Amino acid sequence: MIGRFFHLPGAKKFNISPRFYNPDKEEREERERKIKEELGIKEERKDSGQPFRPNVKGQFRRAQEGFSKSSGNARRASNTRLIVLIIILTLVFYLFFYSDFTF
């Protein structure tokens, strides 16, 4: 126990090896690419050249529309609590400092 009291752990080393690395496939694709460049063969693109646009724009807001009414009510209730708290604290402050009220 005393020996562990002064023990400082060494730095942890980060070592990660790729899970799906296939060197043969990598070499084959590199050779194919070089051969196609030498022969002047252009690879056909699978997409239409337009940037990718996901179909999720605005879907989260549309899904949350049912909750917007409850969030408005919650905001209103919170504002009401805040106003009541400010009024109570102002009243206590006034009674404590400016009145001749003694306990």
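If you're wondering where the values come from, they're calculated on a predicted model, not measured in any experiment. (Residues numbered from 1 in each chain as written. Predicted model: local features only at pLDDT ≥ 70, side-chain atom pairs only at ≥ 80, totals over all residues. Heavy atoms only, no water.)

Trainee: Which residues make up the overall build of the chain, and what values go with them?
Mentor: The secondary structure content of the chain amounts to four helices and zero strands. Helices and strands appear in the chain in the N-to-C order α-α-α-α. Here the chain, with 103 residues, has 1% of them falling under the buried criterion. (Helix = DSSP H or I, 4+ residues; strand = E, 2+ residues; numbered from the N terminus. Buried < 20%, exposed > 50% of the residue type's maximum accessible area, 1.4 Å probe, protein only.)

Trainee: Could you give an account of the packing of aromatic side chains, naming the residues involved and the relevant values?
Mentor: Two aromatic rings are characterised by how far apart their centres lie and by the angle between their planes. One pass over the structure, following the stated rule, counts four aromatic pairs. Look at Phe93 and Phe97: their rings are 4.8 Å apart centre to centre, the planes differ by 55°, and that puts the pair in the tilted class. One end of the pair, Phe93, and the other, Phe97, are both in helix α4 (residues 65-98), four residues apart, so they sit about a helical turn from each other. You can call Phe93 partly exposed: its relative accessible area is 46%. Look at Phe97 and you get exposed, because its relative accessible area is 51%. One aromatic cluster is present, formed by Phe93, Tyr94, Phe96, Phe97 and Tyr98 through successive ring pairs. (Phe/Tyr/Trp six-rings, centres within 6.5 Å; stacked < 30°, edge-to-face > 60°.)

Trainee: Provide a residue-level description of the pattern of salt bridges, including the pertinent values.
Mentor: If charged atoms from side chains of opposite charge come close, those side chains can pair. Under the defined criterion, the tally for this structure stands at two salt bridges. With a shortest N-O distance of 2.4 Å, Arg33 and Glu30 are connected by a salt bridge. Of the two residues, Arg33 and Glu30 both sit in helix α2 (residues 23-39), three residues apart, roughly one turn of that helix. For Arg33, a relative accessible area of 35% corresponds to the partly exposed category. Between Glu37 and Arg33 there is a salt bridge; the shortest N-O distance is 2.6 Å. Placement of both Glu37 and Arg33 in helix α2 is noted, with a separation of four residues, approximately one turn of the helix. One connected set of salt bridges, linked through shared partners, spans Glu30, Arg33 and Glu37. (Salt bridge = Lys/Arg side-chain N within 4 Å of Asp/Glu carboxyl O.)

Trainee: So what about the confidence of the model for the chain? Which residues, and what values?
Mentor: Scored by pLDDT, the chain comes out at a mean of 79, with 70% of its residues at no less than 70. When mean pLDDT is taken per element in the chain, α2 scores highest with 91 and helix α3 (residues 59-63) scores lowest with 66. (pLDDT = per-residue confidence, 0-100.)

Trainee: Any chance you could break down a negative patch on the surface for me, citing the residues and the numbers?
Mentor: Taken together, Asp24, Glu26, Glu27, Glu29, Glu32 and Glu43 make up a surface patch of like negative charges. Topologically, Glu27 is positioned in helix α2. Judged by its relative accessible area of 48%, Glu27 falls in the partly exposed class. (Patch = residues over 30% accessible without salt bridge, like charges linked within 9 Å, V, L, I, M, F, W, Y side chains within 5 Å. Areas by Shrake-Rupley, 256 points an atom, 1.4 Å probe, with all protein chains shown as cover. Lys, Arg positive; Asp, Glu negative; His and termini not counted. Charge placed at Lys NZ, Arg CZ, Asp CG, Glu CD.)

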